[in-house]
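Chain residues, written in single-letter form:
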Amino acid sequence: MGRRPDYKKTGRYMVPALLVLAILSACRSTKHLKEDEYLLWKNRLDLRTDKVMLNKGEIKDNLESIIAQKPNSNYLDLSPVKVPMKLWRYNRRYKKLSIRPDSLLPKSVERPVLLDTSTIGKSAQNMKAYLFNQGYFYAKVSDTITYKKKKATVSYKVDAGSNYIINKINYLVDDSGINAVIQSHQKGASIVTGKEFTYGQLESERSRLTAIINNHGYRRFTLENITFKIDTMEKSMFRVASSPFENAVNFIAQSKSNKKSTIDIDVIVRKAEDTLAYNIFYINAISVYPDAATASGSKNDTPKIVKRIGGIEFRYYHEYVHPKVLYEHIFMNPGNLYSKENEDKTNAKLGELGIFQNIRVQPRENRVTRDSVEYNIFLTKAPKHDFTTNYEISNGTTYFLGNSLSLNYMNKNFLKGANLFSIGANGGLETNYNDAAAGDIFKRFSLLTMYYGLNASIDFPKFLAPVPKSLFSRSNLPHTIFSLGENVIDRVDYFKLLNTSAHFSYNWHETDIKTWSFAPAFVNVIRVPYISPSFQTILDSNQYLKNSYRKTFIEGESVTYKIDNNVKKHGINYSYLRLSFEEAGGIVGAVNKFGAAVYGFDTIPYAQYTKFDFDGRHYLTVKHSVFAFRFYGGVGLPYGLSESLPYIKQYFVGGPYSMRGWRIRTLGPGSFRDTSNRLPNLVDRTGDIKLELNSEYRFPVAPLFAGAVKMNGALFADVGNMWLSRANKDYPGGEFAFSKLGQDLAMDLGVGSRFDIASFLTFRVDVAVPVKKPSIAENSGWVFNQVDFSNPTWRKDNVILNISIGYPF
């Protein structure tokens, strides 16, 4: 054993070392400046307001972002002192890089940002304009420059003043029909009385009203037909017209109080220059060309097949897809009012079928009557067949080298119904390596596990059920999905497990961010045709494992609800929530009891359980970086004849997408510790309950290979574990109890690198160390005092390397 390092001394030297690095970087940063040149070292911003500003932090960040000239970037944006590493690299190679044009400079370096005083006034104007749009009409910005040696700091003092509260909204509309539409759609308005005013609200309300009016037949109505007039005069302060002195007193009192001033808004709708803005348009005819690209372009080249469904005409050269399928995804009909929303929805829903490469929905006005439109919908076929392969190499706790191969085939227009048929085969091997074995290198490998399977599914873009479709709107009509699969796990020296599965479900969108999945029936048949004598001995002495590795029939139902506003929030400060409930054994249990009572027979052993899973995430975007949080897990409660969840339904923790300080399926349950070493490494540690909290700070590091690869970094922490739902003598301490939750929770800390390759693939490397081990009773499981990076044995047992594809969450 090597001598344990003195971490107090190490910590004592780290801060001075960082300061020395900063001083050296700072000195070199001004090395090549001329006499009259100054390096822009820092921008400071002091934001003040007359009244309370609820979103002051956000406004300050936005003000800082619109400063015209910014200093050189700081190393990782994390250092407590400024370390302009890219500038330092540039100065190291100054003679070579200074003669290059900016376009040929590598992205790992930066030229010095020289103070340009002409940009300061522009920055002040930008700030005033931004604050004006936020409702701070009388903002003031002043600036000062502080020089220290060859470095300059620009300080901006921003006095935002006060913004306004919306007091009253007046609608001045010169058309009764449009006025009726506006008044009936007040819900969801962007401008609301009692709300703080910003100019962005006006643009949002203009767009909202225009879209609503367009959807009621007014096709020629545009944004230009809506204008706004705002009145910032606080009329309540001038209510006594005969007493100017009292009015002045009221004005001064209002200014000194913390009460914000109010604003009145007039929403003005006028016909303007377009005399057709108030014309109502109807749909006259709709023609659909599902294989438009088949046409040769000749005048005599007319479609050979013409079919009409619900007033819509379908014109084919060859019937590539059944017209009934397309009709169900078109949300316009002849005789209906023109609606831009239905036009866009038609475009989107036809695209969701996945069988068209290009979709053009083209309206054409009747130039005589000026009150109707005709639609031509041109569809260009996409490739019908798709074949993909995937090969992976991995390693883990229980094996030295693993590799897997998957082959997948998709038919996107199966049976000409836009049905997605897919079938895939997969297989893999896990091997061990014995360095002490005799012979050549190949004889040192031994086979541990084989796994292979065949899975198929078909996705119908329609609702197949003996219930009326009127339960759903056409735009949210569920897809119907059937799947079937057979998968095998063969742990050569222990057991072989077969899982035959069948699944029937409906998937649909409630809104753009909310989706549902309901499976009225799923089935799993688990068989264990082979168990080695040595593994059977282990099962005979462990009832929990014996229940896990047995022949089992699973029949159940499930429902899943998901909210994801990533697209709506444009990837900024977005959230994700997934809730799932599953039940099994209720129906088959009733059938089994009926069969036993009436016919005197029992079915095969079946599972009975309820299961609830959740996954909540939030991504907080800050300057150049993201804080990512995830809280997820589940609770599975066996009941009736079952003492534990079936093996394929059990929870586990560890690995690159979970508790990264432990390898996959090696943590838990609870504070259980296998002191007798009765369980082989190949026996997975699984349970009935799981709780886990993950947090990451993600930040950019540097572009590589001329920007083709972006290297990002991460600091992370994982907290969690899994448990049994009931006490088990074979797993002492493995059951869940709130009274010992503090002891049972595990924790790890780590750092990672993520390589985003051409915005297509993310290669991830995470290194984590456990800092709290539930199986250790001393010090409540905290093991900071055992950390010893100089000890190779400790590193081997505790430094966990995770290599994977994609982000952990």
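To be clear, the structure that these remarks concern was listed above.
Here is a short report on the structure shown in this document. (Residues numbered from 1 in each chain as written. Predicted model: local features only at pLDDT ≥ 70, side-chain atom pairs only at ≥ 80, totals over all residues. Heavy atoms only, no water.)

1. A look at the packing of aromatic side chains
- Under the definition given, this model contains 36 aromatic pairs.
- Both rings, one in Tyr494 and one in Phe535, keep their centres 5.7 Å apart while their planes meet at 85°; by these two values the pair is edge-to-face. With Tyr494 in the loop between β16 (479-491) and β17 (495-509) and Phe535 in helix α11 (residues 533-540), this residue pair connects regions lying 41 residues apart in the sequence.
- A relative accessible area of 1% places Phe535 in the buried class. (Phe/Tyr/Trp six-rings, centres within 6.5 Å; stacked < 30°, edge-to-face > 60°. Helix = DSSP H or I, 4+ residues; strand = E, 2+ residues; numbered from the N terminus. Buried < 20%, exposed > 50% of the residue type's maximum accessible area, 1.4 Å probe, protein only.)

2. Brief notes about the pattern of salt bridges
- With the rule as written, the count across this model stands at 29 salt bridges.
- In this structure, Lys324 engages Glu328 in a salt bridge whose closest nitrogen and oxygen atoms are separated by 3.6 Å.
- A residue is classified by how much of its surface remains accessible, and Lys324, at 46% relative accessible area, is partly exposed.
- Between Arg754 and Asp766 there is a salt bridge, with its nearest N and O atoms 3.1 Å apart. Remark: Asp766 occurs in strand β26 (residues 761-772) and Arg754 occurs in strand β25 (residues 746-757); sequence separation between them is twelve residues. (Salt bridge = Lys/Arg side-chain N within 4 Å of Asp/Glu carboxyl O.)

3. What about the packing of helix α6 (residues 176-183) against helix α7 (residues 199-214)?
- The geometry of α6 relative to α7 is characterised by a closest axis approach of 10 Å and an angle of 115° between their N-to-C directions. For the pair α6 and α7, the sense of crossing is right-handed. Contacts between α6 and α7 involve Ile178, Val181 and Ile182 from the first element and Leu209, Ile212 and Ile213 from the second.
- Taken together, the residues of the contact of α6 with α7 sort by class into six nonpolar, no polar and no charged. (Axes fitted to C-alpha atoms, helices over the stretch in contact; angles between N-to-C directions. Left-handed = near helix turned anticlockwise from the far one by under 90°. Contact = heavy atoms within 4.5 Å. Nonpolar A, V, L, I, M, F, W, Y, C, P; charged D, E, K, R; others polar.)

4. Some remarks on the packing of helix α2 (residues 56-65) against helix α5 (residues 118-133)
- Packing of α2 against α5 brings their axes to within 9 Å, and their N-to-C directions diverge by 145°. The crossing of α2 and α5 is right-handed. Of the residues in α5, those in contact with Ile59, Asn62 and Leu63 of α2 are Met127, Tyr130 and Leu131.
- Classifying every residue of the contact of α2 with α5 by side-chain character gives five nonpolar, one polar and no charged.

5. Some details on α11
- Taken together, the buried positions of α11 are occupied by Phe535, Ile538 and Leu539. Projected onto a plane normal to the axis of α11, the buried residues spread over an arc of 100° and lie on a single side. Within α11, the exposed residues directed more than 90 degrees away from the buried face are Pro533 and Thr537.
- On its buried face, α11 sits against β17, β18 (514-531) and α12 (543-548). (Arc of directions from axis to C-beta.)

6. Examining the sheet that holds strand β5 (residues 226-231)
- One open sheet holds the three strands; their spatial order is β4-β6-β5, and the pairing between them is mixed. Two strands in the sheet have a free side with no partner beyond their single neighbour: β4 (164-173) and β5. Neighbour-to-neighbour, the strand axes of the sheet open up by a mean angle of 20°, direction not taken into account.
- Contacting β4 and β6 (261-269), α6 runs over the sheet at an angle of about 145° to β4.
- Strands in contact with α7 are β4, β5 and β6; relative to β5, the strand with the most contacts, it is inclined by about 145°. (Pairing = 2+ DSSP bridges.)

7. Digging into the nonpolar core
- In terms of nonpolar packing, the biggest core is built from 27 residues, with Val288, Phe314, Val321, Leu326, Phe356 and Ile377 touching the most fellow members.
- Considering every element that reaches this core, the biggest residue donor is strand β11 (residues 372-381), with four residues.
- Leu326 has contacts with Val288, Pro290, Phe314, Tyr316, Val321, Leu350, Leu353, Phe356 and Leu379, leaving out every residue within four places of it along the chain.
- In this structure, Tyr171, Val173, Tyr218 and Val267 belong to the second largest nonpolar core, which totals 25 residues. (Core = buried A, V, L, I, M, F, W, Y, C linked by side-chain atoms within 4.5 Å.)

8. With respect to the sheet that holds strand β3 (residues 151-159)
- Strand order in the open sheet formed by three strands is β1-β3-β2, with mixed pairing between adjacent strands. Each edge of the open sheet carries a strand with a single partner, namely β1 (39-48) and β2 (140-148). Across the sheet, the axes of successive neighbouring strands diverge by a mean angle of 15°, strand direction being ignored.
- The pairing of β2 with β3 spans nine bridges and is classified as antiparallel. From the neighbouring strand, Lys140 faces β3, where its bridge partner is Asp159.
- The strands that α5 touches are β1, β2 and β3; relative to β3, the one it contacts most, it runs at about 25°.

9. Details of the side chain of Gln650
- Among the secondary structure elements, Gln650 is positioned in the loop between β22 (625-638) and β23 (689-704).
- Note on Gln650: relative accessible area 8%, which makes it buried.
- A distance of 2.4 Å separates a polar atom in the side chain of Gln650 from a polar atom in the side chain of Thr686.
- Residue contacts for Gln650: discarding those within four places in its chain leaves Tyr544, Ser548, Ser644, Leu645, Thr686 and Gly687. (Polar contact = N/O pair within 3.5 Å; in protein donor to acceptor, adjacent residues only side chain to side chain.)

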